[in-house]
Amino acid sequence: MAILLLIASCSTTKVIPDGSYRLKENILEVTNSDQYPQYKDSELKNYIRQKPNTYFIGQWNPFLYIYNWSNGKNNGWDKFVKKLGQAPVVFDKNMVNASNDNLETHLKYVGFYNSTITNSIKTKNKKATVKYNVTLGKQYIIDDIKFVILDPILDSIYMADTLNCMVKKGMPLSEQILDAESERAAT
């Protein structure tokens, strides 16, 4: 019990330099998810570039606390606790901008054109929380498909297998589905 109290009383930002923050959390919200209920917020979290430290129970990571037991002397004790512990993730604003670009590129790839991504950063007690607000752009539906294959041999081979075509009328247009069909057709 005493060890748990000792761990809980330590700071998770002790080793964070002045003027910097530990990335505590990324929050991602799709603002128009009611229009696209099939699209899950969790699919986008992989495209956020900087991830906070992982947590085991709630907002608690004992290895983060252990890392902060270092005394700054770079002696045997410091090396031991740094090896056993987990270094805090120092917030980098440039990674937020890279995440915005990454999210936008991914959304175009899966067919949400002209999506907008905004973010807000809140800091408190040397900890930063980044909130990404994503508004999914318009999806365009495929209403007609025409095959133009100039080589008659390739045309007959491809047309014999159109039942397996991944691009179908009524589907949303996306680079992802076009790439998959291109790969299927090449094999």
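Here's what I pulled together on the structure shown here. Bear in mind that the values here come from a model prediction, so they are computed numbers and not experimental data.

1. A short note on the nonpolar core
One recurring pattern in soluble globular proteins is that nonpolar side chains are buried together.
Now for step 1: Judged by nonpolar contacts, the single largest core of 19 residues is most densely connected at Leu28, Tyr39, Leu44, Leu107, Tyr132, Val134 and Leu136.
Now for step 2: Within the residue set of this core, elements represented by two or more residues are strand S1 (22-30), helix H5 (93-109) and strand S3 (127-135).
Now for step 3: Here this core takes four residues from S3, the largest share from any one element.
Now for step 4: With sequence-adjacent residues up to four places away left out, Val134 is seen in contact with Leu28, Glu29, Val30, Thr31, Asn32, Leu44, Leu107, Thr116 and Ile117.
Now for step 5: Ranked by size, the runner-up nonpolar core spans five residues in total, among them Ile142, Tyr158, Val167 and Ile177.

2. Examining the packing of aromatic side chains
Both the distance between ring centres and the angle between the ring planes are used here to describe each pair of aromatic rings.
Now for step 1: On inspection of all chains with the given rule, the structure shows three aromatic pairs.
Now for step 2: Here the aromatic rings of Tyr36 and Phe112 are separated by 4.9 Å at their centres, their planes lie at 85°, and the arrangement is edge-to-face. Within this pair, whereas Tyr36 is found in the loop between S1 and helix H2 (42-45), its partner Phe112 is found in the loop between H5 and strand S2 (116-124), the two being separated by 76 residues in sequence.
Now for step 3: Assessed through its relative accessible area of 2%, Phe112 is described here as buried.

3. Regarding the sheet that holds S1
Now for step 1: Reading across the sheet, the three strands line up as S1-S3-S2 and stay open at both edges, with mixed pairing between neighbours. Either end of the sheet is taken by a strand with one partner, and the two such strands are S1 and S2. Strand-to-strand, the axes of this sheet are offset by a mean angle of 15°, without reference to chain direction.
Now for step 2: In this structure, S2 lies alongside S3, joined through nine bridges in antiparallel fashion. Note on S3: the bridge partner recorded for Lys124 is Lys127.
Now for step 3: Most of the contacts of H5 go to S2, to which it runs at about 155°, and overall it touches S1, S2 and S3.

4. Points about the environment of Tyr36
Now for step 1: Overall, the relative accessible area of 14% leaves Tyr36 in the buried class.
Now for step 2: Measuring from C-alpha to C-alpha, the distance between Tyr36 and Ala160 comes to 35 Å, with 124 residues separating the pair along the chain.
Now for step 3: With residues near it in sequence (within four places) discarded, Tyr36 still touches Phe112, Leu136, Gly137, Lys138 and Gln139.
Now for step 4: Within the structure, the side chain of Tyr36 is placed 3.3 Å from the backbone oxygen of Gly137, a separation counted as a polar contact.

5. Some remarks on the pattern of salt bridges
Now for step 1: Scanning the model with the defined rule gives four salt bridges in all.
Now for step 2: Put simply, Asp161 and Arg184 hold a salt bridge, and the shortest N to O gap is 2.6 Å. Of this pair, Asp161 sits in the loop between helix H6 (152-159) and helix H7 (175-186) while Arg184 is found in helix H7, placing the two residues 23 residues apart along the sequence.
Now for step 3: Accessibility expressed as a relative area gives 30% for Asp161, which makes it partly exposed.
Now for step 4: Between Arg184 and Glu181 there is a salt bridge whose closest N-O contact spans 2.8 Å. Of the two residues, Arg184 and Glu181 both sit in helix H7, three residues apart, roughly one turn of that helix.

6. Here's the deal with unusual backbone geometry
Now for step 1: Phi is positive for Asn125, which is not a glycine, with a value near 55°.
Now for step 2: Relative to the assigned elements, Asn125 resides in the loop between S2 and S3.
Now for step 3: Notably, Lys126 is not glycine yet its phi reads approximately 65°, a positive angle.
Now for step 4: Assignment of secondary structure puts Lys126 in the loop between S2 and S3.

Quick notes on the rules
- One numbering rule holds for all chains: residues counted from 1, following each sequence as written.
- With the structure being a predicted model, the display of local features is reserved for residues of pLDDT at least 70 and the display and counting of side-chain atom pairs for 80 or more, all residues being used for whole-chain, interface and lining totals.
- As a rule here, side-chain values come from all non-hydrogen atoms in the structure, and water together with hydrogens is ignored.
- Definition of nonpolar core: a set of buried residues of the types Ala, Val, Leu, Ile, Met, Phe, Trp, Tyr and Cys, connected through side-chain atoms within 4.5 Å.
- Burial status follows relative accessibility: with a 1.4 Å probe on protein chains alone, a residue under 20% of its type maximum counts as buried, one over 50% as exposed, and anything between as partly exposed.
- We count a stretch as a helix when DSSP gives it H or I for four or more residues in a row; a strand needs E for two or more, and each element gets its number in order from the N terminus.
- Residues count as neighbours in contact if any of their non-hydrogen atoms are within 4.5 Å of one another.
- Stacked, tilted and edge-to-face are the three classes assigned to paired rings of Phe, Tyr and Trp, where Trp is represented by its six-membered ring and a pair needs centres within 6.5 Å; plane angles under 30 degrees give stacked, over 60 edge-to-face, the rest tilted.
- Strands qualify as paired when DSSP identifies two bridges or more between them.
- Throughout, an axis means a line fitted to C-alpha atoms (over the contacting stretch in the case of helices), and angles, computed between N-to-C directions, take values from 0 to 180 degrees.
- Pairs of N or O atoms within 3.5 Å make up the polar contacts considered here, provided that, within protein, one atom can donate a hydrogen while the other can accept it, and that residues adjacent in sequence are counted only when both atoms are side-chain atoms.
- Here, a salt bridge means any Lys or Arg side-chain nitrogen found within 4 Å of an Asp or Glu carboxyl oxygen.

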